[in-house]
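Listed below, chain by chain, are the residues.
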Amino acid sequence: MQTSSKSNKPTTGTNLEHARLHNRRVVLEAIRQAGRLTRADLTRLTSLTAQTISNIVAELLSESKLSVHAPEKTARGQPPIPLSINPDGGFSIGFHVEQHQIVAVLLDLKGVTRGRRVHAVSYPTFAEALPLLLKCIEWFRRKVSAERLLGIGIALPGPFGVAGMSAVGPTSMPGWDDEQSLALLRERTGLPVLMENDATAAAMGERLYGVAGGLRDFAYLFVGHGLGSGLYLDNRLYSGHWRNAGEIGHVIVVPNGKTCYCGKRGCLERYVSGASLLEHLGVGADQNLSDLDLTDNQHAAGIERWLAEAVPALRHAINVLESLLDPETMLVGGMLSNDILARLIDQSFPLYPSVSGREDRAHARLQLGTAGPDCVALGAAALVVLAELSPDYQALLKA
Ligand SMILES: [Zn+2]
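Residues numbered from 1 in each chain as written. Predicted model: local features only at pLDDT ≥ 70, side-chain atom pairs only at ≥ 80, totals over all residues. Heavy atoms only, no water.

1. Things to note about the overall build of the protein
Of the regular secondary structure elements, the protein holds eleven helices and twelve strands. For the C-alpha atoms alone, the extent of the protein along its principal axes is close to 75 × 55 × 45 Å. For the protein, the proportion of its 399 residues judged to be buried stands at 53%. Long-range pairs, those at least 24 residues apart, make up 63% of the contacts in the protein with a sequence separation of at least 6. Between the averaged position of the 38 positive side-chain charges in the protein and that of its 40 negative side-chain charges there is a distance of 6 Å. (Helix = DSSP H or I, 4+ residues; strand = E, 2+ residues; numbered from the N terminus. Buried < 20%, exposed > 50% of the residue type's maximum accessible area, 1.4 Å probe, protein only. Contact = heavy atoms within 4.5 Å. Lys, Arg positive; Asp, Glu negative; His and termini not counted. Charge placed at Lys NZ, Arg CZ, Asp CG, Glu CD.)

2. Thoughts on the domain arrangement of the protein
Along its sequence, the protein is organised into domain 1 (16-85) and domain 2 (91-399). Taking only C-alpha atoms, the centre of domain 1 and the centre of domain 2 are 36 Å apart. Across the contact, eleven residues belong to domain 1 and twelve residues belong to domain 2. At the boundary of domain 1 with domain 2, total buried surface from both sides reaches about 1100 Å², with 61% on carbon and sulfur atoms. Area buried by domain 1 at its contact with domain 2 is led by Arg25, Lys65 and Ile85, which between them contribute 48% of it. There are zero salt bridges connecting domain 1 and domain 2. Here domain 1 and domain 2 share one residue pair in polar contact (both at pLDDT 80 or more) between them. The biggest single contributor to the side of domain 1 that touches domain 2 is helix α1 (residues 16-34), with eight residues. A breakdown of the residues in the side of domain 1 that touches domain 2 according to their chemical character gives three nonpolar, three polar and five charged. (Domains from an automatic or database assignment. Buried area = accessible area lost by both parts, 1.4 Å probe. Salt bridge = Lys/Arg side-chain N within 4 Å of Asp/Glu carboxyl O. Polar contact = N/O pair within 3.5 Å; in protein donor to acceptor, adjacent residues only side chain to side chain. Nonpolar A, V, L, I, M, F, W, Y, C, P; charged D, E, K, R; others polar.)

3. Observations concerning the coordination of the zinc ion
Around the zinc ion, the protein contributes the donor atoms His250 (ND1), Cys260 (SG), Cys262 (SG) and Cys267 (SG), at 2.0 to 2.3 Å from the metal centre. Classification of the site at the zinc ion as tetrahedral follows from its four donor atoms and the range of 102 to 123 degrees in their angles at the metal. Between consecutive donors of the zinc ion, the numbers of intervening residues give the motif H-x9-C-x1-C-x4-C. Of the two residues, His250 sits in the loop between β10 (236-238) and α7 (274-280) while Cys260 sits in the loop between β10 and α7, which places them ten residues apart along the sequence. Both residues of the pair, His250 and Cys260, belong to the buried class. (Donors = N, O, S within 2.8 Å, 3.2 Å for Na, K, Ca; no water. Tetrahedral: all angles 85-135°; square planar, octahedral: opposite > 155°, others 65-115°.)

4. As for the pairing of strand β3 (residues 91-97)
A large share of β3 lies buried, amounting to seven of its seven residues. On β3, burial covers both faces: Phe91, Ile93, Phe95 and Val97 on one face and Ser92, Gly94 and His96 on the other are all buried. Bridge count for β3 against strand β4 (residues 101-108) is seven bridges, and the pairing is antiparallel. Considered in β4, the bridge of Gly94 is made with Val105. Where β3 folds back on β4, the antiparallel hairpin that results is connected by three residues. Here β3 runs beside strand β6 (residues 149-156); their pairing, made up of six bridges, is parallel. Each residue of the ladder has a partner; that of Phe95, found in β6, is Ile154. (Pairing = 2+ DSSP bridges.)

5. Points about the packing of aromatic side chains
Counted by the stated rule, this structure contains four aromatic pairs. For the ring pair Phe218 and Tyr232, a centre distance of 5.2 Å and an interplane angle of 25 degrees mean the geometry is stacked. With Phe218 in strand β8 (residues 218-223) and Tyr232 in strand β9 (residues 227-233), this pair connects stretches of sequence that are 14 residues apart. A single burial state applies to Phe218 and to Tyr232, both of which are buried. In this arrangement the basic side chain of Arg117 is found over the ring face of Trp139, its NZ or CZ atom lying 4.3 Å from the centre. (Phe/Tyr/Trp six-rings, centres within 6.5 Å; stacked < 30°, edge-to-face > 60°. Lys NZ or Arg CZ within 6 Å of the ring centre and 35° of its normal.)

6. What about the sheet that holds β9?
Read across the open sheet, the five strands follow the order β10-β9-β8-β11-β12; overall the sheet is mixed. The open sheet terminates on both sides in strands that have one partner only, identified here as β10 and β12 (366-368). For this sheet, the mean angle separating the axes of adjacent strands, direction not counted, is 30 degrees. Pairing of β9 with β10, which is carried by three bridges, proceeds in the antiparallel orientation. Within the sheet, the bridge partner assigned to Tyr232 lies in β10 and is Leu237. The strands touched by helix α6 (residues 198-209) are β8, β9, β10 and β11 (329-334); relative to β8, the strand with the most contacts, the crossing angle is about 120 degrees. (Axes fitted to C-alpha atoms, helices over the stretch in contact; angles between N-to-C directions.)

7. Here we look at unusual backbone geometry
Residues Gly158 and Pro159 are joined by a peptide bond in cis, for which omega reads -5 degrees. Relative to the elements of secondary structure, Pro159 occurs in the loop between β6 and α5 (179-189). Unlike most non-glycine residues, Asp234 shows phi in positive territory, near 55 degrees. Following the sequence through the fold, Asp234 ends up in the loop between β9 and β10.

Below is the structure:
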């Protein structure tokens, strides 16, 4: 989990059980990517032996994780039987915990949303939210066979476990990122529970459901109540040694600028975040942005003032991220309306020159995420499914 650093266990050395699980994921991932494959296709594509494929397929069929389709017609011999992922073969629950609401989604093994719930909250601690989480889980559990629930993914604002940053100010959610909380939820549900920061889950959501489909290298700037970025690099999530990679909200972009809750001055999050917009609208930074109608004329001047401050700060952040990561594109998304985010993006051009200023680009340097308001909850749930499916799961999801 995210509060502890990666272990120093050697990466080489395996055992039979590990190899079996790895091979299962290879088979599932190959079928997921192709849509339909026969056993012969799997043998050809995976370099596993026909006997191993046969054993794994039998096991997956017995668990209902695969569907069998009508055999393909052949001139002679045994007709090959196409196999696909059975959407009902497994489900995961994703929670997006924010300062003012909790969104919960139920995802099937093919990644389709099968249930959704939204609850208004106000800076809940884990203990306060626990009954609500359990109620959601119970509600979803009644929709599917309990034994087919693979696990729970929770995404919430970071940074995690950082002295002086993780529990101060209106953008933090203290009391969630401790092992005790997760252990309690595991104990109460009997399910694996994973936690990830909202921007990282959003990057996963955008990769699976939005404009980042097929991209190998991008960063996702998540403008929530605060600000963070999710890093998808070399075709996998990168979450850092302490799960705080991409937490750029407290990078200083305006020397001697606005005082920040973290004790510094001029942090990016003081200019580009929902909380900073609220301040420009003359509302407390701990209020709920969704309570305001931002299309109302009375807020127009405040939004303009916010953009005037946010744009130079964002340009600075993009310059740093592009130079550091050499991404295919940078995405912006989050809790602000698409209209406001689109204005933020438009006004940020021209961006500062950087290594990203190339003629041979296939994507704009900065663009709006398209995965929608459930992006984070979907990403959190998808991480659980990917743990079941992907042979690269340890890179996608550090458990
Ligand atoms: Zn700060």
